[in-house]
Amino acid sequence: MTDQEARDWFDIVTREARALGVHDVETHFSEGESSLTRFANNAIHQNVSELSRSISIRVAIGQRTARATTNRLDRIREATQTAVALARASAPDENLLPLYVPEPATPIDRWDEATAAFSPMARAEAVREAIACVEGAGHVAAGIFSTERGSQILANSNGLFLRHDETGSTFSITATGSDSSGWAKASAVRAGDLRPLALAQSAAEKATRSAKPRRLEPGRYRVLLEPSAVLDLVGQIFGDCTATAVAEERSFLTGRMDEALFGENITIHDDVRHPLQDGAPFDGEGVPRQPLTLFAEGRPADLACSRTAARQAGRTATGHGLALPNESGECVQNIVIAGGSETREELLRKLGRGVLVTRLWYIREVDPFRKVMTGMTRDGTFLVEDGEIVGGLHNFRFNESVVEMLRRVEAMSPSERACGEEAFDMVVPAMLVRDFPFTEVTLF
Amino acid sequence: MQQMALHALDLAAQRGVQYADVRLVEARSQDLATRNGRAAQVADTDSLGMGIRILLDGGWGFAATDDLSAAGIEKAISKARAIAKASAITVRSTVRLAEEPVHKAVWTSPCRIDPLAMPVTQKFDHLLRVDDALRANKAVTLTETLFHATRTRQWFVNTDGSVIDQTRTMTGAGCACYVFRDGDLQKRSYPNSFGGQYQLKGWELVEELDMLAHAGRLGEEAEALHGADACPSGQLPLILDSSQLGLQIHESIGHPIELDRVLGSEANYAGMSFLTLDQLRTLRYGSGIVHVVSDATPAHGPGLGTFAFDDEGVAAQRTDIIRDGLFAGYLTSRETAGAIGDARSNGCLRAAGWDRLPLIRMTNTSLEPGDSTLEEVFDVPHGIYMETNKSWSIDDKRYNFQFGCEIAWEIKNGRRIRMLKNPVYSGISTQFWNACEAIANREHWTLWGVPNCGKGQPEQVMGTGHGASPSRFGGVTVGSL
């Protein structure tokens, strides 16, 4: 998708809208290709590629707005007509603001030509090597290797025209033994930055070391949460760190912005320009994303704020607004949790006797204000004694308040880019946490 | 459109394949929502695209495109072939597709009032009236209503000769309110949480739900929960309403019976299953009154898993999953049916759209009605009744689960004696179903829609159906969190 193509499409939209008496138009163009090679039982079993594009048109008529989206380039006029008709028929939104008037935005280079051109055979060969590693350790391999490229352009009738191009790649692998398993996963803007073989070795080693798991009684244990487990659990709170969530009194931060909620060692930022982060440097209306400190030394510091929420709060927008119309207001998606200085070995020594957790699974919110989450451990849960891994454990169910847990963090590793399956990728440390509540034990 | 699909299939076949199928899918959806009395969502989406699945040299390749020009289709076929050849370098076993008769058919799901043709003003008026009624209780701090409709038309063709034109119309609607007070947030939803009820119907579903009649009660209950006691802890008889039981079926029966999961295909993401192949027809999955079916046929009802043919051209079927408490069957596909000795797939391969590879998915996985009256289900000296899901979690082999509900009542001698808040229950799947003591009759049976079931990489969100009536389970671990 070239800039000129997008401008030509935008002209079609604006001409059609004007013919219908509508002048305020915002259009989001996207185009991309995603490919994913999936393997299980030591063979590739699903291998897919998707080429797609879409044109999403929003019109504003007074206090009414609506969106129509199509992937059919021959129906841009019809989609514009649909957006206009929907807006005219919709209920008014008293909070709706006029279209954003653009301010200068600095682009971010997140494009890697080699990743954009990665071939199915190159993915298959990397997968074959990873399978051989896991199989060589006596286990069965399953996982994915994906590569993707995408471009988006956001334009509006106030002269906004922003472009962002990005590539991405993810490798994930599970090694399954007769009574144990191990897992590893990584993602990067550049596929060349991934190390599939090293991830395979890590997963295989975890499966080997967790063989013949023993059952440990439920209870409160000191735990070392690896970065993937940290992001999947702590990641559950960030939907609340927005001005709209607080204004609607559905956030755990409602009425608590002045409290020391976490330990003084917890500082959390949202920073789209962090070198290990991904994503576009502007929000759903085109507002440049600003770096935010969400929590400073345990205390709430700032909230993500859309234009609408900013006007209501008498402040400036932070560039985290969702595309309009929407039900949630804003979202943060470039989380960076400040880490510590201890190596994994040092953290294990500090752990003494406790549980090492590789991965958490099926995390769901039990209490929205205390942020009590339930979930399971998975694919590498270990008993640690005297700072040494002594063997695998049956997996636990936990019921933990993330707010309370972040008061019990005793030590952290340096932060790294991590990925899980329950929250978006983040830059987070491993965390040593005391009194982590495992409430039940499952059968494996 | 059908000619375009056939043309693409011909092009793929001419270049040499063991098997190929093409799905050309046209979809239109609409989302409307209100929040605290204002419009919060107004969106239409339409898409058209093609997915091409090829088996070549023993490897699978799938390419999807929305560039439906001659060059675009040619490029997608080339991509699918290149992907299949790459897959083949790791092949360990031969793919054998179970036989399926050739089908040439047209099918459209029943829809009395077209939900997409209904005037938007009329739909918003309805949602805003419900929103107003939710806010009638001044303690309510946040309200939300939503409406969703999708019409999907799919032209399926394959190298066996099947040509299937299938149209499905789905509608969903729901409402909820929250009361925040003194550091506690309580919520009540109707007719179900996380979006409401979804069925293969038109606007008539919204009329049947009659949200307006329930809105006032929701506000009262959300406020009353603030003064309610916490659910007591212990091992007690547990009665579940049919919506919560529908999700219990989904998580502790529906997912474990997916044969691809059992065979390891999902090991890296969704996980595996405790239902290893040796359990078939030997495992005592439930008590003798538990009968569960997987039923995609229209006769089962307008479920999100209702269709005439699945997404590899296999006719919709009804399969026993649990019969008289005994584990009786898996969900299968043409590729996996042979693993359990079946000559034919039972028709569970489904794709979330033109851009996704079909996977084994639940259709309508339902607990058949029992023969108890509602009074008999509640007839316990002391127990807990829970209603409307709030949280759900289960381990990656589907043994250990924990569910939370929005509201509960303590039952004594068959009667509700007090409201309880923050209730949760947990257990092991087979132990739970073996403790099933009573199932309400068909009069209380509802076919619930779960519109957001996630599975696969890249993830696919699928709608599934789950019929259930209120039921009682003995000695369940209950408590409050």
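Model, not experiment: these values are computed from the prediction. (Residues numbered from 1 in each chain as written. Chains lettered and ligands numbered in written order. Predicted model: local features only at pLDDT ≥ 70, side-chain atom pairs only at ≥ 80, totals over all residues.)

1. Side note on the overall build of chain A
The helix and strand tally for chain A stands at ten helices and 19 strands. Oriented by its inertia axes, the alpha-carbon framework of chain A measures out at about 75 × 55 × 35 Å. When each of the 444 residues of chain A is scored for burial, the buried share is 57%. Put simply, 72% of the contacts in chain A that link residues at least 6 apart link residues at least 24 apart. (Helix = DSSP H or I, 4+ residues; strand = E, 2+ residues; numbered from the N terminus. Buried ≥ 20, exposed ≤ 12 C-beta atoms within 10 Å, placed from the backbone. Contact = placed C-beta atoms within 7 Å.)

2. Observations regarding the overall build of chain B
Assigned secondary structure in chain B consists of nine helices and 24 strands. Against the compact-globule benchmark of 23 Å for 481 residues, chain B has a radius of gyration of 23 Å, which places it among compact chains. Its C-alpha atoms give chain B principal-axis dimensions of roughly 70 × 55 × 35 Å. Burial status across chain B gives 62% buried among its 481 residues. (Rg over C-alpha atoms; globule rule 2.2 N^0.38 Å.)

3. Some remarks on the environment of Thr381 of chain A
You can see Thr381 of chain A is positioned in strand S13 (residues 372–385). Thr381 of chain A sits 186 residues away from Arg195 of chain A along the chain, and the two C-alpha atoms are 23 Å apart.

4. Some thoughts on the interface of chain B and chain A
Of the residues lining the interface, 70 residues belong to chain B; the matching set on chain A comes to 79 residues. The element contributing the most residues to the side of chain B that touches chain A is strand S2 (residues 38–56) of chain B, with twelve residues. Both strand S2 (residues 43–61) of chain A and strand S3 (residues 59–65) of chain B contribute to a ladder of four bridges, which runs parallel. Paired with Val48 of chain A across the bridge in S3 of chain B is Phe62 of chain B. (Pairing = 2+ DSSP bridges.)

5. Side note on the sheet that holds strand S16 (residues 365–367) of chain B
All names here are of chain B. Pairing is antiparallel in the open sheet, where four strands are placed in the order S13-S12-S11-S16. Each edge of the sheet is formed by a strand with only one pairing partner; in this case those strands are strand S13 (326–327) and S16. The pairing of strand S11 (residues 292–295) with strand S12 (residues 318–323) spans four bridges and is classified as antiparallel. Paired with Val292 across the bridge in S12 is Ile322.

6. With respect to the pairing of strand S22 (residues 446–455) of chain B
Residue and element names in this part refer to chain B. As defined by bridge partners, S22 adjoins strand S23 (residues 460–468) across eight bridges and the pair is classed as antiparallel. Opposite Cys453, over in S23, you have Met462 as the bridge partner. The loop that links S22 with its antiparallel partner S23 comprises four residues; one of these, Gly456, has a positive phi angle of about 85°.

7. Quick notes on the confidence of the model for chain B
Summing up the model confidence of chain B, the mean pLDDT is 97 and the portion of residues at 70 or higher is 100%. Across the assembled chains, the prediction reports ipTM 0.96 with pTM 0.97. (pLDDT = per-residue confidence, 0-100.)

8. Here we look at unusual backbone geometry
Residues and elements named next belong to chain B. Cis geometry is adopted by the peptide bond preceding Pro191, which originates at Tyr190 and carries an omega value of -5°. Take Pro191: it is sitting in the loop between strand S7 (184–190) and strand S8 (197–199). In this structure, Asp57 is a non-glycine residue whose phi angle is positive, near 55°. Residue placement: Asp57 occurs in the loop between S2 and S3.

9. Describing the pairing of strand S9 (residues 292–296) of chain A
The side chains of a regular strand alternate, first on one face of the sheet and then on the other. Residues and elements named next belong to chain A. Note that strand S8 (residues 268–270) and S9 share three bridges and pair antiparallel. Looking across to S9, one finds that Ile268 is bridged to Phe295. Where S9 and strand S10 (residues 299–300) come together, two bridges link them in antiparallel fashion. Residue pairing for S10: Ala296 is matched across the bridge by Arg299.

10. Considerations on the environment of Asn265 of chain A
Residues and elements named next belong to chain A. Mapped onto the elements, Asn265 comes out in the loop between helix H7 (243–247) and S8. You can call Asn265 partly exposed: it has 17 C-beta atoms within 10 Å. Taking the C-alpha atoms as reference points, Asn265 and Ser56, separated by 209 residues in sequence, lie 43 Å from one another.

11. Quick word on helix H2 (residues 76–89) of chain A
Residue pairs three or four apart in sequence face the same way in an α-helix, which turns once every 3.6 residues. For H2 of chain A, spanning 14 residues, the distance from its first C-alpha to its last is 20 Å, which sits close to the expected 20 Å at 1.5 Å a residue. All of the buried residues along H2 of chain A are Ile76, Ala79, Thr80, Thr82, Ala83, Val84, Leu86 and Ala87 of chain A. Along its buried surface, H2 of chain A packs onto helix H1 (3–19), S2 and strand S3 (64–70) of chain A together with S2 and helix H3 (120–134) of chain B. (Expected span 1.5 Å × (residues − 1).)

12. Topic: the packing of H3 of chain B against helix H5 (residues 211–224) of chain B
Residue and element names in this part refer to chain B. Contact geometry of H3 with H5 gives a least axis separation of 8 Å together with a crossing angle of 25°. By the criterion of interaxial angle, the relationship of H3 to H5 is roughly parallel. By crossing handedness, the relation of H3 to H5 is classed as right-handed. Here Arg129, Val130, Ala133 and Leu134 of H3 lie close against H5, whose contacting residues are Met211, Leu212, Ala215, Gly216, Leu218 and Gly219. Among the residues forming the contact of H3 with H5, the class breakdown is seven nonpolar, two polar and one charged. (Axes fitted to C-alpha atoms, helices over the stretch in contact; angles between N-to-C directions. Parallel < 35°, antiparallel > 145°, perpendicular 65-115°, else oblique. Left-handed = near helix turned anticlockwise from the far one by under 90°. Nonpolar A, V, L, I, M, F, W, Y, C, P; charged D, E, K, R; others polar.)

13. Considerations on the packing of helix H4 (residues 120–136) of chain A against helix H2 (residues 70–87) of chain B
Between H4 of chain A and H2 of chain B, the least distance of the axes is 9 Å, while the angle of their chain directions is 15°. Looking at the two axes, H4 of chain A sits roughly parallel to H2 of chain B. For the pair H4 of chain A and H2 of chain B, the crossing hand works out as right-handed. Of the residues in H2 of chain B, those touching H4 of chain A at Pro120, Met121, Arg123 and Ala124 of chain A are Ala82, Ile83, Ala86 and Ser87 of chain B. Across the contact of H4 of chain A with H2 of chain B, the residue classes break down as six nonpolar, one polar and one charged.

14. A word on the nonpolar core
Formed by 274 residues in total, the largest nonpolar core has its most connected members in Val59, Val134, Ile173, Ala203 and Leu224 of chain A together with Ile52 and Leu238 of chain B. For Leu238 of chain B, the contacting residues outside a window of four places in its chain are Gly383, Ile384, Met386, Tyr425, Phe473, Val476 and Val478 of chain B. (Core = buried A, V, L, I, M, F, W, Y, C linked by C-beta atoms within 7 Å.)

15. Thoughts on the environment of Ile394 of chain B
Within the secondary structure layout, Ile394 of chain B lies in strand S17 (residues 382–394). Accessibility expressed as a C-beta count within 10 Å gives 27 for Ile394 of chain B, which makes it buried. Sequence separation between Ile394 of chain B and Ser252 of chain B is 142 residues; the distance between their C-alpha atoms is 7.9 Å. Not counting the four nearest positions on each side in its chain, Ile394 of chain B is found in contact with Tyr362 of chain A together with Glu251, Ser252, Asn400 and Phe401 of chain B.

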